[in-house]
Amino acid sequence: MYIPKHFKVTDLDEIKEFIEKNSFGTIVTTKQGKPIATHLLLELHKQGDNYFITGHLAYANPQWRTLEGENENVLVMYQGPHAYISSSWYKSENVPTWNYQSIHVYGTASIMNEQELQEDLILLLQKYEQAREKPALWENLSLQTKKQIKGIVGFKIKIQEVQTAYKLSQNRNKEDYFNIIDKLYKEKDLNSKALAEVMKNKGGSHLIRN
């Protein structure tokens, strides 16, 4: 994706944290030259020196067949909070814009065998269920429920390249920056408030000009 240099993020720990917090992503592949996509829960794993993204598709979803063999044209997209930024929030006249956080991951995909898929589901359930009062962990599920694994196809993507863009008003001065945060908190939609929180946590330390 196109990333102006002052919006580019390269810190690996920051990227990992973002992916783990925004794990509902979009996987994009092609079939006969036509892009196809599915929105789904994805998990990030490290094996040795390599990072992998894992997930599963419904068997009835034909996209999984584009992952058979080794497909080097897989794109996974993650998105954080995003919102409209009014130019009326600036001290001096300028144009309005849209702030966002986005990550594009490129890699090579392959299909999991059933054992790999089961192990991945065990970890997935542990992550989202273990803190609940009656956790639906794999070991607590009935055999009948476990058999539904036949209805999904697991995949893993070996990460080859990551592109990260955080457009968070880095090009504004501090006065504008903190006024934008204040205005976003006052907006009615949750995305604006979530974006304000992200910008507040940055504290203005990433601004290009002060």
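Residues numbered from 1 in each chain as written. Predicted model: local features only at pLDDT ≥ 70, side-chain atom pairs only at ≥ 80, totals over all residues. Heavy atoms only, no water.

Some thoughts on the overall build of the protein
Part 1 of the reasoning: When helices and strands are counted, the protein shows five helices and eight strands.
Part 2 of the reasoning: With respect to the three principal axes, the spread of C-alpha positions in the protein is 65 × 45 × 30 Å.
Part 3 of the reasoning: Burial analysis of the protein (210 residues in total) assigns 41% to the buried set.
Part 4 of the reasoning: Look at the contacts in the protein between residues 6 or more apart in sequence, and 71% of them connect residues 24 or more apart.
Part 5 of the reasoning: In the form shown here, the protein has an accessible surface area of approximately 12500 Å², with 49% of it arising from carbon and sulfur atoms. (Helix = DSSP H or I, 4+ residues; strand = E, 2+ residues; numbered from the N terminus. Buried < 20%, exposed > 50% of the residue type's maximum accessible area, 1.4 Å probe, protein only. Contact = heavy atoms within 4.5 Å. Areas by Shrake-Rupley, 256 points an atom, 1.4 Å probe, with all protein chains shown as cover.)

Side note on unusual backbone geometry
Part 1 of the reasoning: For Gln-32, which is not glycine, the phi torsion reads 55° and is therefore positive.
Part 2 of the reasoning: Position of Gln-32 relative to the elements: it lies in the loop between strand S1 (24-31) and strand S2 (34-41).
Part 3 of the reasoning: Judged by relative accessible area, Gln-32 falls into the exposed class, the value being 83%.
Part 4 of the reasoning: Positive phi is not limited to glycine here, since Ser-169 has a value of about 60°.

Focus on the pattern of salt bridges
Part 1 of the reasoning: According to the stated counting rule, one finds ten salt bridges in the structure shown.
Part 2 of the reasoning: Residue Glu-14 is joined to Lys-202 by a salt bridge in which the shortest nitrogen-to-oxygen separation is 2.4 Å. With a gap of 188 residues between them, Glu-14 in helix H1 (residues 12-21) and Lys-202 in helix H5 (residues 190-202) connect regions that are remote in the sequence.
Part 3 of the reasoning: The exposure class assigned to Lys-202 is partly exposed, which follows from its relative accessible area of 21%.
Part 4 of the reasoning: Lys-186 is the partner of Asp-182 in a salt bridge, and the nearest nitrogen-oxygen pair spans 3.2 Å. Separated by four residues within a single helix, Asp-182 and Lys-186 lie in helix H4 (residues 174-186), roughly one turn from each other.
Part 5 of the reasoning: Asp-182 sits in the partly exposed class, given a relative accessible area of 33%. (Salt bridge = Lys/Arg side-chain N within 4 Å of Asp/Glu carboxyl O.)

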